[in-house]
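Here is what each chain is made of, one letter per residue.
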Amino acid sequence: MISFGERLHSAVTRYGQLCVGIDPHEHLLADWGLDATPAGVREFGLRVIDAAAGRVAVVKPQVSFFERFGSAGFAALEDVMAAARAAELLVIADAKRGDIGTTMDAYAAAWMLPGSPLEADALTVNPYLGVGALDGAMKLAHEHGKGLFVLAATSNPDAASLQTARTAGSDSRTVSSAVIGQISVFNTTHTQDKDWASIGVVIGATVDWNAFDLPEKIEPIAPILAPGFGHQGAELTDLEALFGIRSPAVLVSESRGILQAGPTGVAMAIDKRRAILQEFPSA
């Protein structure tokens, strides 16, 4: 079985590092001439898929914008994700699930088990009930060629006080750094030489790496999902300055900055960003 890390690395090498978010905000639906309904978010998502197919490696639907419509919203999301995978796009379900024991295992099965209605290629997860609570999800991902992106250092201001807090003991480090360290331990025993790991991390593009005391290298190479480009302030041209030697493994995630181009402008907005990112060396 080909691992998610291998599949992602191959797709990024072919299409580049841009990850297009599918975030059907109500104001964007209106701008696109769509109703704030399950049918509207479904149509929005399918149009983004049409524009992204053959242009990028990855799309990232924000689950909350579909979930707010209940079962009909989830049905719309199922259609969007199925269309994306049929178009050979890798799908990261941005659900940020996090729980303990069998509850977390059930979340993992819902989003990553092959044949599940909500099957995605990878899932964002929250480690702040303890990274160990994600063990079952990490094992399931490994067994089925799926991936996780674990929240490590997020750019929202409220996160800093928690994520920069330091662990106890002689090996004291920030919580963010400790999360990355524990993920790296799992990846070390589940990753072939020179492959990208399948358990990645989320590090915001606007995060101060020194303040969060993040490691200079993440080994094995773990893909970094980096929201914060575009509308949130980070510039694509600053990728290398922001992430340094880690930049080739960064998935540059942008949503609103692309989506605000409207249904007829999304493809052009994607192409513009791809052209900028092609200036950076791939891993």
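Residues numbered from 1 in each chain as written. Predicted model: local features only at pLDDT ≥ 70, side-chain atom pairs only at ≥ 80, totals over all residues. Heavy atoms only, no water.

Draft legend 1. Here's a closer look at the environment of Val-252. Topologically, Val-252 is positioned in strand β8 (residues 250–254). Residue classification places Val-252 among the buried residues on the basis of a relative accessible area of 0%. Beyond its immediate chain neighbours, meaning those up to four positions away, Val-252 contacts Gln-17, Leu-18, Cys-19, Ala-226, Phe-229, Leu-236, Leu-239 and Leu-277. (Helix = DSSP H or I, 4+ residues; strand = E, 2+ residues; numbered from the N terminus. Buried < 20%, exposed > 50% of the residue type's maximum accessible area, 1.4 Å probe, protein only. Contact = heavy atoms within 4.5 Å.)

Draft legend 2. Inspection of unusual backbone geometry at higher detail. Glu-219 connects to Pro-220 through a cis peptide bond whose omega is -5 degrees. Tracing the sequence through the fold places Pro-220 in the loop between α10 (209–212) and β7 (224–226). In the Ramachandran plot, Glu-88 falls in the positive-phi region, its phi being about 65 degrees despite a non-glycine side chain. With respect to the helices and strands, the residue Glu-88 is situated in the loop between α5 (70–86) and β3 (90–97). The class for Glu-88 is exposed, based on a relative accessible area of 64%.

Draft legend 3. The arrangement of the side chain of Arg-246 in detail. Mapped onto the elements of the fold, Arg-246 is located in the loop between α11 (239–243) and β8. Despite its burial, Arg-246 pairs with no opposite charge, the nearest such side chain being Glu-216 at 6.1 Å. Residues in contact with Arg-246, not counting those within four places in the same chain, are Trp-209, Pro-215, Glu-216, Lys-217 and Ile-224. (Lys, Arg positive; Asp, Glu negative; His and termini not counted. Salt bridge = Lys/Arg side-chain N within 4 Å of Asp/Glu carboxyl O.)

Draft legend 4. Here's a closer look at the side chain of Ser-177. Looking at where Ser-177 falls in the secondary structure, it is placed in helix α9 (residues 175–190). Overall, the relative accessible area of 10% leaves Ser-177 in the buried class. Here Ser-177 is in contact with Asp-213, Leu-214 and Pro-215, once residues within four sequence places are set aside.

Draft legend 5. Region of the structure containing the pattern of salt bridges. If you walk through the whole model with that rule in mind, you get 13 salt bridges. Ionic pairing is found between Arg-7 and Asp-121, a salt bridge with its closest N-O pair at 3.0 Å. One end of the pair, Arg-7, is in helix α1 (residues 4–15); the other, Asp-121, is in the loop between α6 (101–112) and β4 (122–125), and 114 residues separate them in sequence. For Arg-7, a relative accessible area of 25% corresponds to the partly exposed category. Exposure remark for Asp-121: the relative accessible area of 2% places this residue in the buried category. Between Arg-55 and Asp-271 there is a salt bridge; the shortest N-O distance is 3.0 Å.

Just geometry here; none of it tells us what the structure is for.
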